[in-house]
Amino acid sequence: MKFLYFSLELPALLNDSREFVGGAAVQWKSWISGITGAGHRFGLLTWKGANSFVKKKDNLDIVESIDPKRGIKNLRLFYPQFFQLFKAIKSYKPDFVIQSSATAYTGILMLVSKILGIPFIHRIASDVHVDNRLSTLISSKEIHLYKFGVKYSDIILTQNNYQYKELKKKYPEKNITIIHNPYANDYSDKPLPRANRQYIAWVGNFRRIKNVMSLADVAEKLDFIDFKIAGVESIADKETQEAVKKLKNLKNVEFVGYLTRTELKTFLSKAIAVLNTSFTEGFSNTFLEAWSLGVPVITTKNVNPDELIEKYNLGFVADSYSYLPELVKKINDLEFNLYNEMSIRCVDYVKTNHDPKFLADKLVEYLKSLIK
């Protein structure tokens, strides 16, 4: 099969640059590995100039299309970008066009695909993209185009059971399935033992949805435990800004800034656990990165995709944010032999359940069943 995936962020990730990229780009880097590894062709539909920018393409086709800055700001999506995308997709002749994340491009790419008679696949990137919380993240114009794209997409791929159920309520006749995120990086056959781990890690950008306020509360209450925070400081709401300010005044907290994927691997490998305080996620790539290194995850029931953490014993889950300090202390004090057993279990889980080629084969079999 021949796939064409749209992303403006993925070229930066392929170069392991310091430019911020979202979780969808991280996920699809692993999908590329799985799909090409299974013998299929994969194209990256992206911005003009990307071919010379991306240093390592492997088996990936770079399909240049739009200039994101060309045209009048509020009109460039329709002219000239619509026609540039149309020309690029028509020329590449994929079997499927794929797009992820909640943006206006969902609607535009769906429409272009419909005109060209190519099935359009939308991959859900977060739980908030399937319910009524989307208005807190993007503008009303983007919401209309995004919902338009989802409604008329040919196939929807979800990350977890919650996303699947919500979308089946809205579109009972639509082709929707659950396929968990793949993870393509190396696994740690011998994860660092507990005796060599030093801190609780937190990874994310400073937006309200990441709930930095709870992170600040946990770190303040556990002043005898070290916390290291990896993330991007950007324009944030007032409450988040106050929480970041509070964290910077705590002696047990260190900000390490934005890390490349290579740097993130080293950062996570030395952590006792990854703490997630988000109000919601989809299927966090950071969880997979952490588990692949033998690092357990501490989170709330709001961010526990398909109850996997409890099912496979991959960390601890709190019923509410107020219980997070208790669980962080619990894993910090856990007997070393019990911790090391959990660490090995985390690595084994990712190996068994998130192999890119296994999931690519699962995706292809699903698509073949629809064609039949």
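Note that the coordinates shown come from a computational prediction; the quantities given were computed from them, not determined experimentally.

Participant: A description of the overall build of the protein should follow, citing residues and the corresponding values.
Facilitator: Counting secondary structure elements, the protein contains 15 helices and 13 strands. Relative to a compact globule of 372 residues, whose C-alpha radius of gyration would be 21 Å, the protein shows 21 Å and is just as compact. Projected onto its principal axes, the C-alpha coordinates of the protein cover approximately 60 × 45 × 40 Å. Within the protein, the fraction of its 372 residues that count as buried is 55%. Restricting to contacts in the protein with at least 6 residues of sequence separation, those with at least 24 account for 69%. Accessible surface for the protein amounts to roughly 16,800 Å². Of this, 51% is attributable to carbon and sulfur atoms. Treating the 52 positive side-chain charges of the protein as one cloud and the 40 negative ones as another, the clouds have centres 6 Å apart.

Participant: Explain the sheet that holds strand 5 (residues 120-123) to me, and be specific about the residues and the numbers.
Facilitator: Sheet strands pair by backbone hydrogen bonding; their relative direction is either parallel or antiparallel. Ordered by their spatial adjacency, seven strands build an open sheet running 3-2-1-4-5-6-7, and the pairing between neighbours is parallel. Looking at strand neighbours, the two that pair on one side only are strand 3 (60-66) and strand 7 (175-178), the edges of this open sheet. Averaged over all neighbouring strand pairs, the angle between strand axes comes to 25°, with direction disregarded. In this sheet, strand 4 (residues 96-100) lies alongside strand 1 (residues 2-6) in parallel orientation, the contact comprising four bridges. Across the sheet, residue F6 finds its bridge partner in strand 4, namely Q99. Most of the contacts of helix 5 (residues 105-116) go to strand 5, to which it runs at about 160°, and overall it touches strand 1, strand 2 (41-47), strand 3, strand 4 and strand 5. On top of the sheet, helix 15 (residues 356-371) reaches strand 1, strand 4, strand 5, strand 6 (155-158) and strand 7; it is set at about 160° to strand 7, its chief contact.

Participant: How would you summarise the pattern of salt bridges if you had to cite specific residues and measurements?
Facilitator: The full count for this structure, using the stated rule, is 13 salt bridges. The partner of D61 in a salt bridge is R41, with the nearest N and O atoms 2.7 Å apart. One end of the pair, D61, is in strand 3; the other, R41, is in strand 2, with 20 residues separating them in the sequence. Residue classification places R41 among the partly exposed positions, given a relative accessible area of 43%. As a salt-bridge pair, K210 and E281 come within 3.1 Å of each other at their nearest N and O atoms. Remark: E281 occurs in the loop between strand 11 (271-275) and helix 11 (285-292) and K210 occurs in the loop between strand 8 (199-203) and helix 8 (212-221); sequence separation between them is 71 residues.

Participant: Would you mind going over helix 5 in detail, with residue names and values included?
Facilitator: With twelve residues, helix 5 extends 16 Å from end C-alpha to end C-alpha; this agrees with the ideal 16 Å at 1.5 Å per step. When we look at burial in helix 5, the residues that qualify are Y105, T106, G107, I108, L109, M110, V112 and S113. One or two positions beyond helix 5, positive phi appears at G117, with a value near 75°.

Participant: Give me the sheet that holds strand 12 (residues 297-300): which residues, what numbers.
Facilitator: The strand order across the open sheet formed by six strands is 10-9-8-11-12-13, and the pairing between neighbours is parallel. Taken across any chain shown, the strands that pair with only one partner, and hence form the sheet edges, are strand 10 (253-257) and strand 13 (315-318). Sheet twist, expressed as the mean angle between neighbouring strand axes with direction ignored, is 25°. Across the sheet, helix 8 touches strand 8, strand 9 (227-230), strand 10 and strand 11, and the angle it forms with strand 9 is around 160°.

How each quantity is defined
- Residues numbered from 1 in each chain as written.
- Predicted model: local features only at pLDDT ≥ 70, side-chain atom pairs only at ≥ 80, totals over all residues.
- Heavy atoms only, no water.
- Helix = DSSP H or I, 4+ residues; strand = E, 2+ residues; numbered from the N terminus.
- Rg over C-alpha atoms; globule rule 2.2 N^0.38 Å.
- Buried < 20%, exposed > 50% of the residue type's maximum accessible area, 1.4 Å probe, protein only.
- Contact = heavy atoms within 4.5 Å.
- Areas by Shrake-Rupley, 256 points an atom, 1.4 Å probe, with all protein chains shown as cover.
- Lys, Arg positive; Asp, Glu negative; His and termini not counted.
- Charge placed at Lys NZ, Arg CZ, Asp CG, Glu CD.
- Pairing = 2+ DSSP bridges.
- Axes fitted to C-alpha atoms, helices over the stretch in contact; angles between N-to-C directions.
- Salt bridge = Lys/Arg side-chain N within 4 Å of Asp/Glu carboxyl O.
- Expected span 1.5 Å × (residues − 1).

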